[in-house]
Amino acid sequence: MDIFSLLDELQTIARNGLHYARDPYDRERYEHLLHVATQQYQELLGLPADAIRARFQQEVGYITPKVGSNAAIFNERGEILLMERADGSGWCLPCGWVDPNERPIDTAIREVREETGLEVKITRLVGNFTRKPTGKNGPHTMVAIVHLCDVIGGELRLSHEGTDLRYWPIDAMTDWHDVHETYARAAYTMWSAAQLIPAVSD
């Protein structure tokens with residue numbers, strides 16, 4: 001286990017303990033454990049401890065991994081639609097966090113509409129991917145659900161979340177955001193296989 005995975009375990013235990021514990025001595029121990037984890041994050045990431053703790057406190061209830069939903073959209077040439085993120089962290093699939101009371105497939109459709117102006121339908125589940133915490137990824141474990149989509153309407157347009165939006169050959173992209181290359185290649189394998197299946201005639 002690397003240091004970031006260890007700290008993720010520690011802060012999760014501490015925050016779940018603080019959520020459930022009523023005994024003042026137990027709460028004191030969990031507070032101390034959270035303090036230790038926060039201090040270590042501060043040293044590793046170079047962020048203020050107050051900012052790290054504030055990120056932790058944004059979540060309530062039992063602590064679970066954050067869930068994101070991603071959309072893989074290919075054109076007829078097998079190029080994938082990618083957005084250059086406005087935060088400068090590279091090119092990504094249309095994606096976003098799953099909101100409360102929202103299905104991941106609805107998240108993918110919503111995010112595509114918001115980020116690209118396109119309307120899509122989900123055709124297949126590409127897979128579920130786990131991203132462990134690192135200095136680059138931040139202090140949270142994240143589960144990403146990737147969907148293969150077909151465009152059914154709308155017009156391609158850039159949103160405030162990106163600085164560029166276009167279809168790319170996967171091998172031509174060298175500035176991937178986070179682990180989106182993994183998502184894109186898994187989706188491309190599925191898309192390519194689907195092209196080999198003959199269409200059913202009426």
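Please refer to the structure higher up on the page.
Everything quoted here is computed from the prediction, not taken from an experiment.

A. The arrangement of the pairing of strand β1 (residues 66-73) in detail. With respect to burial, β1 is a largely interior element, six of its eight residues being buried. Judged from the eight bridges that link them, β1 and strand β6 (residues 142-154) form a sheet pairing that is parallel. Note that in β6 the partner of Ala71 across the bridge is His147. Where β1 lies against strand β4 (residues 95-97), three bridges are found, and the strand directions are antiparallel. Looking at the pairing, Asn70 lines up with Cys95 of β4.

B. Here's a closer look at the pattern of salt bridges. What the rule picks out here adds up to 14 salt bridges. The partner of Arg166 in a salt bridge is Asp164, and the shortest N-O contact between them spans 2.6 Å. Residue class for Arg166 comes out partly exposed when judged on its relative accessible area of 39%. For Glu181, the salt bridge identified is with Arg185, shortest N-O distance 2.9 Å. Taken as a pair, Glu181 and Arg185 lie in helix α5 (residues 180-195) at a separation of four residues, close to a single helical turn. With a relative accessible area of 35%, Arg185 lands in the partly exposed category.

C. Summary view of the sheet that holds strand β2 (residues 80-85). Read across the sheet, three strands follow the order β3-β2-β7 without closing on themselves; strand pairing throughout is antiparallel. The outermost strands of the open sheet, each flanked by one partner alone, are β3 (91-92) and β7 (162-168). Judged from the six bridges that link them, β2 and β7 form a sheet pairing that is antiparallel. Within the sheet, the bridge partner assigned to Arg85 lies in β7 and is Gly162.

D. Geometry of the packing of aromatic side chains. A complete count under the given rule lists five aromatic pairs for this structure. Geometrically, the ring pair formed by Phe129 and Tyr183 is tilted, given 5.1 Å between the ring centres and 50 degrees between the ring planes. Of this pair, Phe129 sits in strand β5 (residues 118-131) while Tyr183 sits in helix α5, and the two are 54 residues apart along the sequence. Both residues of the pair, Phe129 and Tyr183, belong to the buried class. An aromatic cluster is defined as three or more aromatic residues linked by ring pairs; in this entry it consists of Phe74, Tyr188 and Trp191. Positioned over the ring face of Trp97 is Lys66, at 5.0 Å from the centre of the ring.

E. Fine view of the side chain of Asn70. By the secondary structure assignment, Asn70 is in strand β1. With near-sequence residues (within four places) excluded, Asn70 lies in contact with Leu93, Pro94, Cys95, Ala108, Ala144, Ile145, Val146, His147, His180 and Tyr183.

What counts and what doesn't
Residues numbered from 1 in each chain as written. Predicted model: local features only at pLDDT ≥ 70, side-chain atom pairs only at ≥ 80, totals over all residues. Heavy atoms only, no water. Buried < 20%, exposed > 50% of the residue type's maximum accessible area, 1.4 Å probe, protein only. Helix = DSSP H or I, 4+ residues; strand = E, 2+ residues; numbered from the N terminus. Pairing = 2+ DSSP bridges. Salt bridge = Lys/Arg side-chain N within 4 Å of Asp/Glu carboxyl O. Phe/Tyr/Trp six-rings, centres within 6.5 Å; stacked < 30°, edge-to-face > 60°. Lys NZ or Arg CZ within 6 Å of the ring centre and 35° of its normal. Contact = heavy atoms within 4.5 Å.

The analysis is restricted to geometry; functional conclusions fall outside its scope.
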